[in-house]
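# Structural overview
One-letter residues, chain by chain:
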Amino acid sequence: SQVADFGLSKVCRGRGSLSGRRFSSACGSSFFMAPEVWEGHYTAKADIFALGIIFWAMVERITFRDGDTEKELLGTYICQGKELIPLGEALLENPNLKLQIPLKNKKSMPEDLCKLLHHMLAFNPKERLDAFQLEVQIRRVSYGRKRRRSSS
């Protein structure tokens, strides 16, 4: 199974940090796209959202079947009837949508990991972690040790 496809990456030339740069061309699977990517204007924080989708799907083993290839893929989504809606698109339609993390077993995920995922998947990019904050938070999350389990 494939976690990343670097064929979609871009080389950004120029000085300074990429974290403040704005991009406008959407690429990649719609199931990993942040709400602002659907609108066509986004920053590097859209990658944090995509990584949040991947983390959440990996931890809870959430998959869906691709309609074109019939392959089983890793990713989270919202069900509307029989239709699977990418999480970013669903948040764009309803920014107040409350994400149910963990989705499956309430005892399956430590509370600090639940909080991390909520911070990675925030609708507003300004409320989302940046790469440096994410690194700090990941170091704090202790998935393997005995911890308080999520009560959400």
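Please refer to the structure higher up on the page.
Right, let's walk through the structure included here. Note that the structure is predicted; figures quoted are calculated from it, not measured.

### Comments concerning the overall build of the protein chain
Secondary structure summary: the protein chain contains five helices and four strands in total. When its helices and strands are written in sequence order, the protein chain yields α-α-β-β-β-β-α-α-α. Expressed as a percentage of the 152 residues in the protein chain, the buried residues total 33%. Taking all contacts inside the protein chain whose residues are at least 6 apart in sequence as the whole, residues at least 24 apart take part in 51%. Accessible surface computed for the protein chain: about 10,200 Å², of which carbon and sulfur atoms make up 52%.

### Quick word on the pairing of strand S4 (residues 83-86)
Where strand S3 (residues 77-80) and S4 come together, four bridges link them in antiparallel fashion. Among the inter-strand pairings, Gln80 is bridged to a residue of S4, identified as Glu83. Connecting the antiparallel pair S3 and S4 is a turn made up of two residues, with Gly81 showing a positive phi of about 65°.

### Remarks on helix H4 (residues 111-120)
Of all the residues in H4, the buried ones are Asp112, Leu113, Cys114, Leu116, Leu117 and Met120. Packed against the buried residues of H4 are helix H2 (45-60) and helix H5 (131-140).

### Some thoughts on unusual backbone geometry
With an omega of 0°, the peptide bond between Ile101 and Pro102 qualifies as cis. Locating Pro102 in the fold gives a position in the loop between helix H3 (87-93) and H4. A positive phi is found at Arg61, a non-glycine position, where the angle reads about 55°. A relative accessible area of 66% places Arg61 in the exposed class. In this structure, Glu70 takes a positive phi of about 65° despite not being glycine. Mapped onto the secondary structure, Glu70 falls in the loop between strand S1 (63-65) and strand S2 (72-74).

### Examining the nonpolar core
Residues Trp56, Leu87, Ile101 and Leu121 are the most contacted members of the largest nonpolar core, which totals 25 residues. Per-element tally for this core: the top contributor is H2, with six residues. Residues within four places of Leu121 in sequence aside, it is in contact with Phe49, Gly52, Ile53, Trp56, Leu87, Leu91, Leu99 and Ile101.

### Section: the packing of H4 against H5
Interaxial distance between H4 and H5 falls to 10 Å at its minimum, and their mutual angle equals 165°. Here H4 lies roughly antiparallel to H5, going by the angle between them. Of the two elements, H4 crosses H5, and the hand of that crossing is left-handed. Seen from H4, the contacting residues are Asp112, Leu116 and Met120; seen from H5, they are Leu134, Gln137, Ile138 and Arg140. Here the contact of H4 with H5 is built from residues that sort into four nonpolar, one polar and two charged.

### Remarks on the packing of H2 against H4
Put simply, H2 and H4 touch, their axes get as near as 8 Å, and they point 145° apart. The chirality of how H2 crosses H4 is left-handed. Between H2 and H4, the contacting residues are Ile48, Phe49, Leu51, Gly52, Phe55, Trp56 and Val59 on the first element and Leu113, Leu117 and Met120 on the second. Classifying every residue of the contact of H2 with H4 by side-chain character gives nine nonpolar, one polar and no charged.

The rules behind the values
Residues numbered from 1 in each chain as written. Predicted model: local features only at pLDDT ≥ 70, side-chain atom pairs only at ≥ 80, totals over all residues. Heavy atoms only, no water. Helix = DSSP H or I, 4+ residues; strand = E, 2+ residues; numbered from the N terminus. Buried < 20%, exposed > 50% of the residue type's maximum accessible area, 1.4 Å probe, protein only. Contact = heavy atoms within 4.5 Å. Areas by Shrake-Rupley, 256 points an atom, 1.4 Å probe, with all protein chains shown as cover. Pairing = 2+ DSSP bridges. Core = buried A, V, L, I, M, F, W, Y, C linked by side-chain atoms within 4.5 Å. Axes fitted to C-alpha atoms, helices over the stretch in contact; angles between N-to-C directions. Parallel < 35°, antiparallel > 145°, perpendicular 65-115°, else oblique. Left-handed = near helix turned anticlockwise from the far one by under 90°. Nonpolar A, V, L, I, M, F, W, Y, C, P; charged D, E, K, R; others polar.

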